[in-house]
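Residues per chain, in single letters:
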Amino acid sequence: MRIMLAVLVIACSTNVLSQQALDPQSNRAELLSDLRSGDAQVRMDAFDKLRNDPSALRDPAVKASLINLLDRENKEPIFGEEEDYAAYTSWLSDTVAKLIDWSDPHEVCVVANSSDLPDALADHAKTAVHCLLQRLKGASATTRGITVAMLVQAVDKGKSSLDADTIQLVHQTVLIALQDSNQNVKVPTIEALKQYGGQDAIPALRVVAEKDPDPSEHYAIRKSASEAIATIQKRASQNHTKSADQQ
Amino acid sequence: MTSSSWSMRIWKAGYLPVCFASEFVPSSNTNPDPDFAYSTLNQDDIEYNDYPDWALLRSSMLSGLEYIVAGYGESISVTSGYRSPYVQHEIDTANIAAGKYKIPSPHSRHVHGDAVDIRARDQNTWNTFHYIVRDLDQQACIEPYHKAVDHFHVDWRPWSQCPPTWRK
């Protein structure tokens, strides 16, 4: 028994010592190579190790590799039951958003294509809006819905940094989304307008509230559009009162 | 194949054993939840016949589920509750072989007994569940719609383990 215990202790210590003896640089190089693996599990494991290492995240090579990794994962199809993979891509986009240069259009577009970070994109609307508009081209209904919702939020937050033509283009995009026959486009658009929309969206929302043909969940789309109108009007009147008080 | 070799395969695949024995519920408890039968909450293990008489049903999940039922006001369809590590492994293996999944999910919260999948026939239904859970006092982790379009996945994992964009 004692011999067995001694062997176990020696085996464990040897393992720990051999791990400590690994050169951090070569270890990192190996992880960077793993991030390019064709095997999603290998990429995921390498990312997990890097994500929890603050010194690695400061390394420009790691930063570049993680941006490339997110770019790659954005192009992978995702199935609903793949819970670990779905969680991994969320952690990845969150990590990359903290590393990128928000003035670099390529890096911002990689984050914009991940669908996970509407708040961060709205904070950098000037660059993000163009990425989001680009993303709409040829996108599925679900992606169009999320993207239009992010556009509504980005324009609300970044109005002052956007030119009139861009704002007009987004406005047109939103109007088209409200008329889309697919509820995966309409529902997130209405939700976004409810939270961030301006009074200029009310006429289009009114048409949806009165005439939308989708009966699901007891005409939930009509109800949701009515609620959006009421919320926008309330917000506008509060803003009006606030600015009158300030004067 | 013997049970020990199965255990070894599952261990190697990363499906670690779950150690929350106090919340294991036997099938003799016919009413673990007022609205859902034991056979619904343990449907996957029953289908795969893997210790079908025991399920890990955490109280956070059961109370969250009750809140959703009360808020929805109509019957809802639970498509998955608890899955044993073995059943999770089997489901993942079959889906990887069919080319539907890229990787397995050994860390799925279904294995921990704090996750539930509810059928959502469309985004309106999904949103309705989302609003209900959003108003819940308890923190909850929700897989975004675009990552799971045919069902509403919600779980009550430790908060630090919930991806930032899944936090309601």
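Residues numbered from 1 in each chain as written. Chains lettered and ligands numbered in written order. Predicted model: local features only at pLDDT ≥ 70, side-chain atom pairs only at ≥ 80, totals over all residues.

Bringing the overall build of chain A into the picture now. Counting secondary structure elements, chain A contains 14 helices and zero strands. Reading the helices (α) and strands (β) of chain A from amino to carboxyl end gives α-α-α-α-α-α-α-α-α-α-α-α-α-α. Relative to its full complement of 247 residues, chain A shows a buried share of 38%. (Helix = DSSP H or I, 4+ residues; strand = E, 2+ residues; numbered from the N terminus. Buried ≥ 20, exposed ≤ 12 C-beta atoms within 10 Å, placed from the backbone.)

Here the focus is the overall build of chain B. From N to C terminus, chain B includes six helices and six strands. Taking all 168 residues of chain B together, 43% fall into the buried category. Residue pairs in contact within chain B that sit at least 24 positions apart in sequence constitute 71% of those at least 6 positions apart. (Contact = placed C-beta atoms within 7 Å.)

With that settled, the discussion passes to the packing of helix α9 (residues 125–135) of chain A against helix α10 (residues 141–158) of chain A. Residues and elements named next belong to chain A. Where α9 meets α10, the closest approach of the two axes is 10 Å, and the angle between their N-to-C directions is 160°. By the angle between their axes, α9 is roughly antiparallel relative to α10. Relative to α10, α9 is oriented so that their crossing is left-handed. Residues A125, K126, A128, V129, L132 and R135 of α9 lie in contact with α10, whose contacting residues are T147, M150, L151, A154, V155, K157 and G158. Of the residues belonging to the contact of α9 with α10, the class tally is eight nonpolar, two polar and three charged. (Axes fitted to C-alpha atoms, helices over the stretch in contact; angles between N-to-C directions. Parallel < 35°, antiparallel > 145°, perpendicular 65-115°, else oblique. Left-handed = near helix turned anticlockwise from the far one by under 90°. Nonpolar A, V, L, I, M, F, W, Y, C, P; charged D, E, K, R; others polar.)

Our focus in this paragraph is helix α6 (residues 123–134) of chain B. Over its 12 residues, α6 of chain B runs 16 Å from end to end, which matches the ideal 16 Å to within 8%, given 1.5 Å per residue. Considered for burial, the residues of α6 of chain B that qualify are Q123, N124, W126, N127, T128, F129 and H130 of chain B. Those residues of α6 of chain B that are buried are in contact with α12 (183–196) and α14 (216–246) of chain A together with α4 (59–72), β4 (115–119), β5 (141–142) and β6 (151–155) of chain B. (Expected span 1.5 Å × (residues − 1).)

With that settled, the discussion passes to the pairing of β4 of chain B. Residues and elements named next belong to chain B. Among the five residues that make up β4, four are buried, leaving the element largely enclosed by the rest of the structure. Pairing analysis gives two bridges linking strand β3 (residues 78–80) to β4, with the strands arranged antiparallel. Paired with S80 across the two strands is D117, which belongs to β4. Here five bridges tie β4 to β6, and the two strands are oriented antiparallel to one another. Within the sheet, the bridge partner assigned to I118 lies in β6 and is F152. (Pairing = 2+ DSSP bridges.)

This part covers the interface of chain A and chain B. Note: interface size is frequently given as the accessible area lost on complex formation between the parts. Taken together, the contact pairs 29 residues of chain A with 26 residues of chain B. Broken down by secondary-structure element, the contributors of at least two residues to the side of chain A that touches chain B are α3 (40–51), α6 (83–99), α10, α12 and α14 of chain A. Broken down by element, the residue count for the side of chain A that touches chain B peaks at eight residues, all from α6 of chain A. Here the side of chain A that touches chain B is composed, by residue class, of 13 nonpolar, eight polar and eight charged.

Here we take up the sheet that holds β5 of chain B. Residue and element names in this part refer to chain B. As summarised here, the arrangement of the four strands in space is β3-β4-β6-β5, forming an open sheet in which the pairing is antiparallel. Only two strands of the sheet have a single neighbouring strand rather than two, namely β3 and β5. The sheet strands contacting α6 are β4, β5 and β6, and the helix crosses β6 at an angle near 20°.

As a further point, take the confidence of the model for chain A. On average, residues of chain A score 89 in pLDDT, and 89% of them are at 70 or above. Below a pLDDT of 50 lies the segment residues 11–21 of chain A, which in the model reaches zero contacts outside its immediate sequence neighbourhood of four places, other chains included. (pLDDT = per-residue confidence, 0-100.)

Residues and elements named next belong to chain B. β6 sits mainly inside the fold: five of its five residues count as buried. Because side chains alternate across β6, one face comprises the buried residues H151, H153 and D155, and the other comprises F152 and V154, equally buried. Examined bridge by bridge, β5 and β6 share two bridges and lie antiparallel to one another. The residue of β6 that forms the bridge with C141 is D155.

Residue and element names in this part refer to chain A. Formed by 58 residues in total, the largest nonpolar core has its most connected members in A128, L151, V152, A154, L193 and L205. A per-element tally of this core places α10 first, with eight residues. Discounting residues that sit within four places of it in the chain, L151 has contacts with V129, L132, V170 and T173. (Core = buried A, V, L, I, M, F, W, Y, C linked by C-beta atoms within 7 Å.)

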